[in-house]
Amino acid sequence: MKTLFTILPFLIVFLLSCSKSDSQMVFEEYINSDWKLKSSATVNEAGDKITSQQIAFNDWYDVNIPATVMAGLRQNGLYPDIYFSNNIDTISIQPFKSSWWYVKEFSIADWNKDEFYSLKFEGINYQANIWLNGYQIATSDIIEGPFRIIDLDITKYVSAKNILAVEVIPPKPTSLTIGFVDWNPNAPDNNMGLWRGVKLKRSGKVSIENVAISSDLNVTDLSEADLTLDVELKNHSSEEVSGSFSAKVDNDINFEVPYTLLPNETKRFILDKNTNPELHIINPRVWWPSNMGNPELYTADFSLFTDGKLSHAKSERFGIRKISDYTFKIGNITHRGYTINGKKLLLKGGGWVDDLLLADTDEKVRAQVDYVKDMNMNLIRLEGFWGNSKALYDACEENGILLMIGLSCQWEWTSYCNRPENDFMCVVDEHDINMVTQSFQDQVKWGMNNPSIFVWVFGSDKLPIPALETSLIDAIRDYDKERTLLSSCQNVLSEVSGPSGTKMFGPYEYVSPIYWYIDTKNGGAYGFNTETGPGAQIPPIESLKKMMKPEDLPLVNEEGWQFHSGRNEFQNLDKFLHNYENRYWKETDVEDFAFNVQMSNYEAVRAMFEAFVVNRNSGATGVVQWMLNSAWPEMVWQLYDWYLNPNGAYFGTKTANQPVNLIYNYGDKNIYLSNITLKDSSVVAHIQLFDIESNKIVEKMIPLTAEAEDVKTVFSLADITAPSDVYFLSMRLTEAGNPEKVVANSFYWLSAKEDKPDFENTEWYYTPNKEFSSFSQLRELEKVEISSDWSITSKDDKKVASVTLTNKSDKVAFFIEMRVIDREGQTVLPVIWSDNYVSLLPNESKTFEAVVDSKVANEDISIAYKGFNVK
């Protein structure tokens, strides 16, 4: 059983001893372990018999939740290769058309008939009938919708030993269910099941049902903040109850509040500096996004007393910060930006998706948030309420990663939700409006105190109808008056809330680096582009071999590859390969292709992020790479793949988003100095230009001041004639007075012939090129020899590899990939590299660091490398 009163105080479990009374255990705990699972098609008994100790569960599957039905079956060894080749298409969906039973036997230590008990179901897809100890305690007309969080009072049914049965009913074709749109295939079971956890709660007569904590920060100098605590109490008894509850915030605040509740009354207590002056904080610790400051967190502990005894307790973690938004116009179009703690934000993010079966482990989720922070990003967008636990939300608040959360376009298009399509989201009748509204409010309450969440989003591609938008606003504002709201991620005008101020004008297919700088009508670097990207991002060969049959591997863009691409317009790699083969060359060997294509991955996504950085003072407020990750092994829209293997785009993103950086603008050929931090930096820029033979054409050393939150031009290549068909630009920033302290590195391969986008033939997802850069001269690079010197050390629960690469030649060593490998030669994942896909100048030596988890790294790990022109 997963108890939560050891190391996770913010997950609301306590073992408390108080001076007012004898010690008493008051807790909430997940009852996620040791469930039974079976199809109702093979169960003859009804729920009352199942939960009355009248049947044996010997032939039922053993599962731990959260687990959809398919995930539960995989826990039992069924469908082991669902992610390989086209195996998922061979699975019959017939078993998942019937309902499935989830059964849990559980005991309550020190069960007390005078206490009150409830069960909280955090996520059931799609409907359910629920029984406990022979009684039906909820029906499917109440338990409906994957994002409802249901709290059921079980006091009169519960005892020391219990049997709980949940009959999960699958979604219908028109249900407002979880979906993956055109990103990947759907799960055979349509993700039916207990996809989030189940909690057991016990209390005395009164419990703390909900706590919402908000802050009002003085953004002028951050010297003070006011907290507001919204504490919701519930009297479970049939008599009037009086008592008090205490609130303690770290070691800074501690006070008590008296209460009186009528029989069965639920009441909210709003506490602020007027009711409790202690809630005015001097010199608060402020929560900042990554690269802007520390993500400082507080813990608030609440203890509630009835009749002089501890009746319930709750703990919540929160951060003090202030989010605002603003609008401005470019031409006639309204755009939106955001500020945090009085500072303008440049949002740099990626679109998140859960595992295809919603089966992510907490460890895998946290590893991905580590990746986001490592790439110098500050935002994850959730199109849908993803996360089978709070691991994603907790990791984001701890690492300073903002969260943008809202509904999915799964509910906006007939092809996904099988509902009549119009200009709005396909949620129109009163029943659905009420369900979606309550679902959204449930999710707001579930994540209310997380400082990472900065905006609640209603529509993705479309608006909700006015009745739904109004209902959502009212429901959210009932608990959350602090965060910003966004009607849609598309550029639309709402009659309820006005212009959205965002844009979703594409692209979703490959565009060349110059596109982001010169496009002014579509996805280019202006405004807040809530989802976009340069299309396919082919993973390294190791991942390709894991996802496809050997006979499919060499057949690039044929059936095996297409099955692991997107869907609809994104089912094949035609547009990507057309651009790659015109800009680089047509490959004949799949291993060469999988390596060389990382060059395209790298330069394409780097330019996207860099263009928004360069234009941050002229109307660019944010960009969300579509996507960050993948629900299963695939070829498109990912900075790292399902196996957690980073591709070239990962390191292009990391380089582009360096906090203090030198950036080459493909549009005007100028070099820009950017500083996204809140502090000035004195730096020296070292700029070098080489021709294809590695002859140095330009070298400049420029002392500079990188002003906080600023970007400026510091050098121009506009008047320099390209020295060869392909040439190299190396840029390095070092600390002033300390040349050994490298602040940023950037290396570009540039073409004398420029890409020319064909804007006249732009489609909603793609702008083709009418002329192409040419990098074919790269194949003429002279082979060079490099040496490596590496060591592995242990630090805490990590293994750290230090790798020094030395170029022994007078030629550029181009595009070197490094890997931490195990004794079988497989890449150890997840891994955090200080840099990768690197190039070495003539006679240059550089040292890099890689960090892996000791739990996944055996004692025989070593380093392997491969370079484009390395012997």
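This is a predicted model, so every value here is computed, not measured.

Definitions and cut-offs
Residues numbered from 1 in each chain as written. Predicted model: local features only at pLDDT ≥ 70, side-chain atom pairs only at ≥ 80, totals over all residues. Heavy atoms only, no water. 1 Å grid on protein atoms, 1.4 Å probe; cavity = no way out; pocket = protein on both sides within 12 Å on 5 of 7 lines; lining within 4 Å. Points joined across faces, edges and corners; volume = space filled by probe spheres on them. Nonpolar A, V, L, I, M, F, W, Y, C, P; charged D, E, K, R; others polar. Axes fitted to C-alpha atoms, helices over the stretch in contact; angles between N-to-C directions. Helix = DSSP H or I, 4+ residues; strand = E, 2+ residues; numbered from the N terminus. Parallel < 35°, antiparallel > 145°, perpendicular 65-115°, else oblique. Left-handed = near helix turned anticlockwise from the far one by under 90°. Contact = heavy atoms within 4.5 Å. Phe/Tyr/Trp six-rings, centres within 6.5 Å; stacked < 30°, edge-to-face > 60°. Buried < 20%, exposed > 50% of the residue type's maximum accessible area, 1.4 Å probe, protein only. Lys NZ or Arg CZ within 6 Å of the ring centre and 35° of its normal. Pairing = 2+ DSSP bridges. Expected span 1.5 Å × (residues − 1). Polar contact = N/O pair within 3.5 Å; in protein donor to acceptor, adjacent residues only side chain to side chain. Core = buried A, V, L, I, M, F, W, Y, C linked by side-chain atoms within 4.5 Å. Salt bridge = Lys/Arg side-chain N within 4 Å of Asp/Glu carboxyl O.

Enquirer: In this structure, what is going on with empty space enclosed by the protein? I would like to understand it.
Expert: In this approach the atoms are scanned with a rolling probe the size of a water molecule, which exposes any empty space left behind. Following the criterion strictly, the structure yields eight cavities of 30 Å³ or more and no others. Estimated volume of the largest cavity: approximately 100 Å³. Lining of the largest cavity is provided by 13 residues; of these, Phe147, Ile178, Gly179, Gly384 and Ser408 occupy positions nearest its centre. Looking at the lining of the largest cavity, its residues break down into seven nonpolar, five polar and one charged.

Enquirer: Honestly, the packing of helix H3 (residues 362-374) against helix H4 (residues 391-399) in this entry has me stumped. Any pointers?
Expert: Between H3 and H4, the least distance of the axes is 9 Å, while the angle of their chain directions is 30°. It follows that H3 is roughly parallel to H4 by the angle criterion. In the crossing of H3 with H4, the sense of the turn from one axis to the other is right-handed. When H3 is examined against H4, the residues Asp362, Val365, Arg366, Val369, Asp370 and Lys373 are found in contact with a partner set consisting of Ala391, Leu392, Asp394, Ala395, Cys396, Glu398 and Asn399.

Enquirer: Help me understand the packing of aromatic side chains in this model?
Expert: Note on aromatic pairs: each is described by the distance of the centres and the angle between the planes. For the coordinates displayed, the defined rule picks out 57 aromatic pairs. When the centroid spacing of 5.2 Å and the interplanar angle of 70° are considered together, the rings of Tyr664 and Tyr666 count as edge-to-face. Taken as a pair, Tyr664 and Tyr666 share a single burial class, namely buried. Here the guanidinium or amino end of Arg606 rests over the ring plane of Trp749, the centre of that ring lying 5.8 Å away.

Enquirer: I would appreciate a short explanation of the sheet that holds strand E44 (residues 798-807) in the present structure.
Expert: Through backbone hydrogen bonds, the strands of a sheet pair up, either in parallel or in antiparallel fashion. Sheet architecture is open: four strands sit in the order E43-E44-E48-E46, paired in antiparallel fashion. The open sheet terminates on both sides in strands that have one partner only, identified here as strand E43 (786-795) and strand E46 (831-833). Ignoring which end each strand starts from, the neighbouring axes of this sheet average 20° apart. By the bridge criterion, three bridges tie E46 to strand E48 (residues 845-853) in an arrangement that is antiparallel. Of the residues in E48, the one forming a bridge with Trp833 is Ala850.

Enquirer: Is there a simple way to think about the pairing of strand E36 (residues 681-690) in this case?
Expert: Consecutive side chains of a regular strand alternate in pointing toward one face of the sheet and then the other. For E36, the tally of buried residues reaches seven of ten residues, placing the bulk of the element in the interior. Across ten bridges, the pairing between E36 and strand E37 (residues 696-706) is antiparallel. The residue of E37 that forms the bridge with Ile687 is Lys700. The antiparallel pairing of E36 with E37 creates a hairpin that spans five residues between the two strands, and Ser694 there sits at a positive phi of about 70°. Here E36 runs beside strand E39 (residues 726-735); their pairing, made up of eight bridges, is antiparallel. Within E39, the position partnered with Val683 by the bridge is Glu735.

Enquirer: Help me out: how do you make sense of the sheet that holds strand E34 (residues 660-664) in this one?
Expert: Here we have three strands laid out as an open sheet, ordered E34-E35-E38, and antiparallel in their pairing. A single partner strand is all that each edge strand has here, and the edge strands are E34 and strand E38 (710-716). Across the sheet, the mean angle from the axis of one strand to that of its neighbour is 25°, orientation sign disregarded. Relative to E34, helix H12 (residues 590-614) is tilted by about 110°, and along the sheet it contacts E34, strand E35 (670-675) and E38.

Enquirer: Teacher, can you tell me more about H12 here?
Expert: Each α-helix turn comprises 3.6 residues. Residues three or four places apart therefore point the same way. For H12, built from 25 residues, the straight-helix expectation of 36 Å at 1.5 Å per residue is met to within 8% by its first-to-last C-alpha distance of 36 Å. Of all 25 residues making up H12, 23 are buried, and the element is well covered by its neighbours. N-cap assignment for H12: the residue whose side-chain oxygen lies 3.0 Å from the backbone N of Glu591 is Asp589.

Enquirer: How should the side chain of Lys654 be read in this particular structure?
Expert: For Lys654, the position within the fold is in helix H13 (residues 648-656). A polar contact of 2.8 Å, which involves the side chain of Lys654, links it to the side chain of Asp374. The contacts of Lys654, once residues within four sequence positions are left out, are Asp374, Met375, Asn376, Trp833, Ser834 and Asp835.

Enquirer: Looking at this structure, I do not really get the nonpolar core. What am I missing?
Expert: Counting 271 residues, the largest nonpolar core has Ile130, Val166, Trp749, Leu778 and Phe814 as its most contacted members. Ranked by the residues each element gives to this core, the list is headed by H12, at 16 residues. Apart from the residues lying within four places of it in its own chain, the contact partners of Ile130 are Phe121, Ile124, Tyr135, Gln136, Ile137, Ala138, Ile143, Leu152, Leu164, Ala165 and Val166. Grouped together as the second largest cluster of nonpolar side chains are ten residues, Val43, Ile50, Ile55 and Trp101 included.

Enquirer: Got a minute to help me understand the pattern of salt bridges in this structure?
Expert: Any two side chains of opposite charge can pair, so long as their charged atoms come close to each other. Across all of its chains, the model carries 40 salt bridges by this definition. With a closest N to O distance of 2.8 Å, Arg202 and Glu115 form a salt bridge. With Arg202 in strand E13 (residues 198-203) and Glu115 in the loop between strand E5 (100-107) and strand E6 (116-121), the pair connects residues that are 87 residues apart, well separated along the chain. Residue Arg202 shares its accessibility class with Glu115, and that shared class is buried. The residue Lys322 makes a salt bridge to Asp216 at a minimum N-O spacing of 3.0 Å.

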